[in-house]
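Take a look at the letters that make up each chain.
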Amino acid sequence: MNRITAREKVVNDGAVETQFTGKNLTSVGGIKLFHKFARKLGVEKALERSIKLPRKEVKYKTGRVLISLLYALVLDLNRLSDTARLQVDRVFQLLVGFDGYPHQSTFSRFLKLFTVPLAQQIGETSVSLLGKVRDDFKEYTRLTLDLDSHVETVYGKQQRAKVGYNPRKPGRKSFHPLLCFIGETRDFLWGKFRPGNRYTAQGAIGFLKECLKRLPRGIKEIFLRGDSGFFDDKFLNNLERRRIKYAIAVKLYSTIQARLGGIGYRDIGGGIAVGEFLYQGHKWEKARRMVVIREEVREGRAKKKQPKLFDLQGYSYQVIVTSIEEWSPEEVWRFYNQRACVENMIKEGMMGYGL
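In this report, we go over the structure that sits alongside the text. (Residues numbered from 1 in each chain as written. Predicted model: local features only at pLDDT ≥ 70, side-chain atom pairs only at ≥ 80, totals over all residues. Heavy atoms only, no water.)

### Quick notes on helix α1 (residues 31–41)
Buried residues of α1: I31, F34, H35, A38 and L41, and no others. In a view along the axis of α1, the buried residues occupy a sector of 130°, so they form one face of it. Residues L33, R39 and K40 are exposed on α1 and point more than 90 degrees away from its buried face. One or two residues past the end of α1 sits G42, with phi positive at roughly 80°. (Buried < 20%, exposed > 50% of the residue type's maximum accessible area, 1.4 Å probe, protein only. Helix = DSSP H or I, 4+ residues; strand = E, 2+ residues; numbered from the N terminus. Arc of directions from axis to C-beta.)

What follows is the structure, encoded as structure tokens:
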């Protein structure tokens, strides 16, 4: 058997000629699929039309610089210095149809021109492209908004990073953005950047207003799901005024825990029973419907991680506040459980697309 080296030409019985070199190899070949999608959607042209920067005559247009940064983020190149590898990777440039790739100094000068309104305009462009992909959601009359927040630890002196609640790295600076996804399609709709010292519901009413502005007009009915961080009387009042039907996990205060043992439960199988009661918190203007899910704690079963569950006399409990009166408790519970996909969407966005 012939020994193969990088420079040797290997001949197999004179019929097949094989040559090994490193000139046409790349570790980012998968970007071709993303590029085909971005090109068909017209991402570069859309960014060029919508983002107007005071730039002099330059080699790379605004749309090309922005999509170059987008490719870098998708490839998990989070620092400008990391983009140097794409500048020398001719195979990558061939795959995406570039005749060159901007130098990191070009990116630095480009980003210094940005203001917050211009950065938000990129988000608006994203919303318009989402409408293009989904045909403006013409097939939908009802949509579900899944709200969540995410603590992202940072290292160094990043702008607007603050020390706040950080379960994984206590005492570290972080960001704490608000995120909104469309439950039916799992699309990212809108986000709000915040420093790490903000609590979940802080600014949630204004954020919800921004999300609603970006929904198509043909939507007649809106549902909303959120974790216990959104269990806030002012936020719930706002939802009710807007006639948005919601299912939100409840913080299990002692006053709520005291009610759980005295309500009637109905078994729905699998060691799970459901019940409900009306609860009016301190300074609330009215009582709200609380759906309770009681699950039997069995030996050997892995403990659930959600902080909204607690154990009481051999059972774990989950409580959901809801304005959906026409659904049974188990229907509300199953509807809320579909929100579990949000964590996967956030993880996919961060690990796969540089969110």
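### Concerning the packing of helix α8 (residues 204–213) against helix α9 (residues 233–241)
Relative orientation of the contacting elements α8 and α9 amounts to 30°, with a least axis distance of 9 Å. Considered as vectors, α8 and α9 are oriented roughly parallel to each other. Every residue of α9 that contacts α8 at A204, I205 and L208 is listed here: K234, F235, N238 and L239. Its residues assigned to classes, the contact of α8 with α9 shows five nonpolar, one polar and one charged. (Axes fitted to C-alpha atoms, helices over the stretch in contact; angles between N-to-C directions. Parallel < 35°, antiparallel > 145°, perpendicular 65-115°, else oblique. Contact = heavy atoms within 4.5 Å. Nonpolar A, V, L, I, M, F, W, Y, C, P; charged D, E, K, R; others polar.)

### Some remarks on the packing of aromatic side chains
Both the distance between ring centres and the angle between the ring planes are used here to describe each pair of aromatic rings. Tallied over the entire structure, the rule returns 18 aromatic pairs. With a centroid separation of 6.1 Å and 80° between ring planes, the pair formed by F34 and Y71 is classed as edge-to-face. Linking F34 in helix α1 with Y71 in helix α3 (residues 62–74), this pair joins segments that are 37 residues apart in sequence. Look at F34 and you get buried, because its relative accessible area is 19%. Ring geometry for F231 against W284: centres 5.8 Å apart, planes inclined by 70°, an arrangement best described as edge-to-face. Of this pair, F231 sits in the loop between β9 (221–226) and α9 while W284 sits in the loop between β12 (272–279) and β13 (288–296), and the two are 53 residues apart along the sequence. Comparing F231 with W284 shows no difference in burial state: the two are buried. The cationic tip of R214 hangs over the ring face of W190; the distance from NZ or CZ to the ring centre is 3.8 Å. The aromatic ring of Y265 is capped on one face by R294, whose charged end is 4.4 Å from the ring centroid. (Phe/Tyr/Trp six-rings, centres within 6.5 Å; stacked < 30°, edge-to-face > 60°. Lys NZ or Arg CZ within 6 Å of the ring centre and 35° of its normal.)

### Quick notes on the packing of helix α2 (residues 43–50) against α3
Look at α2 against α3: their axes get within 8 Å of each other, and the N-to-C directions meet at 125°. Put simply, α2 runs oblique to α3. α2 and α3 meet at a crossing whose hand is right-handed. Contact residues: V43, E44, L47 and E48 in α2; T62, G63, R64, L66, I67 and L70 in α3. Along the lines of polarity and charge, the residues of the contact of α2 with α3 split into five nonpolar, two polar and three charged. (Left-handed = near helix turned anticlockwise from the far one by under 90°.)

### Thoughts on the nonpolar core
In terms of nonpolar packing, the biggest core is built from 41 residues, with L224 and I248 touching the most fellow members. When residues of this core are assigned to their parent elements, the largest contribution, five residues, is made by α8. Residues contacting L224, with those up to four places away along its chain left out, are L145, L147, L208, F235, L239, I244, K245, Y246, A247 and I248. Counting residues in hydrophobic clusters, the runner-up holds 29 residues, among them L41, V43, L47 and F98. (Core = buried A, V, L, I, M, F, W, Y, C linked by side-chain atoms within 4.5 Å.)

### Points about α2
Those residues of α2 lying buried are V43, A46 and L47. Seen from one end, α2 has its buried residues packed into an arc of 95°, which puts them on one side. Opposite its buried face, α2 presents the exposed residues K45 and R49, each directed more than 90 degrees away. Of the surrounding elements, those touching the buried residues of α2 are α1, α3 and α7 (116–133).

### Focus: the pairing of strand β8 (residues 187–192)
Note that strand β7 (residues 178–182) and β8 share five bridges and pair antiparallel. When the sheet's bridge partners are listed, L179 is paired in β8 with G191. Counting the residues between successive antiparallel strands, the hairpin from β7 to β8 contains four residues, one of them, R186, with a positive phi of roughly 65°. (Pairing = 2+ DSSP bridges.)

### Brief notes about the pattern of salt bridges
Oppositely charged side chains may form a pair once their charged atoms are brought near each other. Scanning all chains against the criterion turns up 14 salt bridges. Note that K138 is salt-bridged to D135, the shortest N-O span being 3.8 Å. Note on K138: relative accessible area 62%, which makes it exposed. Here R288 makes a salt bridge to D233, at a shortest N to O gap of 2.9 Å. On the criterion of sequence distance, the pair formed by R288 in strand β13 and D233 in helix α9 is long-range, its members being 55 residues apart. With a relative accessible area of 3%, R288 lands in the buried category. (Salt bridge = Lys/Arg side-chain N within 4 Å of Asp/Glu carboxyl O.)

### Digging into the sheet that holds strand β4 (residues 152–153)
The strand order β4-β6-β5 describes an open sheet built from three strands, whose pairing is antiparallel. Two strands bound the open sheet, and with one partner strand each, they are β4 and β5 (162–163). Inspection of the sheet shows β4 paired to strand β6 (residues 173–175) by two bridges, in the antiparallel sense. When the sheet's bridge partners are listed, T153 is paired in β6 with S174.

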